[in-house]
Amino acid sequence: MPKSSITLDNGQTVTLQYNQEQEDKVMQLMQTISTNDQAMKLIKQSAKSNQNLVVEFDPEMSKMYSQGEWVPGQNQINIKGSLESAELLKTFIFELCNSINPAFVNLQSKKFDTGTDYAEYIEKHEATSFKLAFQIYDYGIKNSKWPDVDDRSQYSKLLDEEVWMSSSKQKSSNYNNATSHFDIYEKQFNQNSRSKTSSFDM
């Protein structure tokens, strides 16, 4: 898989991994991010907090439950590379916000009795990540000609934590081997418990 490294002006490096046919899309994504000061601040903060940050664009989402995930134990963001440009941008911003969320630092050391406890924790704090992602993306729409979201009113409703939590439990066919976003984390917890590992993705 081809790689390219981007050195930011704070001296940090981000490694991008993608298939050759994705190169133009990935380069366009980074160009779009560069037009938004808040997005650039975000990626610099992520690269500083997560040394040797890697972003992998998986064309088929074959190893992932959803279209994006932050893997804290590996300092890596995985994104479904076949997403359309606007959705790719939105997903990347959200996962960058997860990568700097203090609630996800040393996650493996936190104690969870059940998969439901773990999923509740993750979803609650991903709601916080979403608020920051919304702010940065909205700034891009208003100031950097970023593409607008398909349904702004529905998108805005997710800023309410209760709406976010409810939405996370709605059944959907968009996830690999999971019935809902909430179910992803329950399954991860159960799999890790069986294998006695402490590596979590989100």
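Analysis parameters
Residues numbered from 1 in each chain as written. Predicted model: local features only at pLDDT ≥ 70, side-chain atom pairs only at ≥ 80, totals over all residues. Heavy atoms only, no water. Axes fitted to C-alpha atoms, helices over the stretch in contact; angles between N-to-C directions. Helix = DSSP H or I, 4+ residues; strand = E, 2+ residues; numbered from the N terminus. Parallel < 35°, antiparallel > 145°, perpendicular 65-115°, else oblique. Contact = heavy atoms within 4.5 Å. Nonpolar A, V, L, I, M, F, W, Y, C, P; charged D, E, K, R; others polar. Buried < 20%, exposed > 50% of the residue type's maximum accessible area, 1.4 Å probe, protein only. Pairing = 2+ DSSP bridges. Arc of directions from axis to C-beta. Polar contact = N/O pair within 3.5 Å; in protein donor to acceptor, adjacent residues only side chain to side chain. Salt bridge = Lys/Arg side-chain N within 4 Å of Asp/Glu carboxyl O. Lys, Arg positive; Asp, Glu negative; His and termini not counted. Expected span 1.5 Å × (residues − 1).

Undergrad: Looking at this structure, how should I read the packing of helix α2 (residues 37–49) against helix α4 (residues 115–143)?
TA: Two numbers describe a pair of packed helices, the interaxial angle and the distance between the axes. Taken N-terminus to C-terminus, the directions of α2 and α4 make an angle of 140 degrees; their axes are 8 Å apart at the nearest point. In terms of orientation, α2 and α4 fall into the oblique class. Taking contact as the criterion, the partners of Asp37, Gln38, Ala39 and Leu42 in α2 are, on α4, Leu132, Gln135, Ile136 and Tyr139. Across the contact of α2 with α4, the residue classes break down as 5 nonpolar, 2 polar and 1 charged.

Undergrad: Would you take a moment to explain the pairing of strand β3 (residues 53–58) for this structure?
TA: Within a regular strand, side chains alternate between the sheet's two faces. Across the 6 residues that make up β3, a large majority, 6, are buried. Burial of the side chains of β3 extends over both faces: Leu53, Val55 and Phe57 are buried on one face and Val54, Glu56 and Asp58 on the other. With 4 bridges joining them, strand β2 (residues 13–17) and β3 adopt parallel strand pairing. Paired with Thr15 across the two strands is Val54, which belongs to β3. Pairing of β3 with strand β5 (residues 76–80) involves 5 bridges; the strand directions are parallel. Across the sheet, the residue bridging to Phe57 is Ile79, located in β5.

Undergrad: Where do I start with helix α6 (residues 161–168) in this structure?
TA: Helical geometry: 3.6 residues make up each α-helical turn, so side chains three or four residues apart lie on a common side. Those residues of α6 lying buried are Trp164, Met165 and Ser168. Projected down its long axis, α6 carries its buried residues within an arc of 95 degrees, all on one side. Where α6 begins, the capping side chain belongs to Asp160, and its oxygen is found 2.8 Å from the backbone nitrogen of Glu162.

Undergrad: Any chance you could explain the pattern of salt bridges here in plain terms?
TA: Pairs can form between side chains of opposite charge whenever their charged atoms are close. As enumerated under the stated definition, the model contains 7 salt bridges in all. Here Asp138 makes a salt bridge to Lys142, at a shortest N to O gap of 2.9 Å. One end of the pair is Asp138 and the other is Lys142, both in helix α4 and 4 residues apart, which spans about a single turn. By relative accessible area, Asp138 is classed as buried at 13%. With a relative accessible area of 62%, Lys142 lands in the exposed category. The shortest N-O distance in the salt bridge between Asp183 and Lys187 comes to 3.9 Å. Taken together, the positions of Asp183 and Lys187, both in helix α7 (residues 181–195) and 4 residues apart, correspond to about one turn of that helix. Here Asp183 falls in the buried class, since its relative accessible area comes to 12%. Taking the relative accessible area as the measure of exposure, Lys187 reaches 30% and is therefore partly exposed. Connected through salt bridges with shared partners, the residues Asp138, Lys142, Asp148 and Arg152 form a single ionic network.

Undergrad: Looking at this model, I keep getting lost on the side chain of Glu123. Mind explaining?
TA: You can see Glu123 is positioned in helix α4. An unpaired buried charge is present at Glu123: no salt bridge exists, and Lys169, the closest side chain of opposite charge, is 9.0 Å distant. Of the polar contacts made by the side chain of Glu123, one reaches the side chain of His181; its length is 2.6 Å. Not counting the four nearest positions on each side in its chain, Glu123 is found in contact with Trp164, Met165, Ser168, His181, Phe182 and Tyr185.

Undergrad: In this structure, what is going on with the environment of Asn98? I would like to understand it.
TA: Along the chain, Asn98 turns up in helix α3 (residues 85–99). Distance in space between the C-alpha atoms of Asn98 and Thr128 is 8.7 Å, their sequence separation being 30 residues.

Undergrad: What should I look at first to understand α3 in this one?
TA: End to end, α3 covers 21 Å across 15 residues, agreeing with the expected 21 Å (1.5 Å per residue, within 8%). Within α3, 12 of the 15 residues are buried, leaving the element largely enclosed by the surrounding structure. Buried residues of α3: Leu88, Leu89, Lys90, Thr91, Phe92, Ile93, Phe94, Glu95, Leu96, Cys97, Asn98 and Ser99, and no others.

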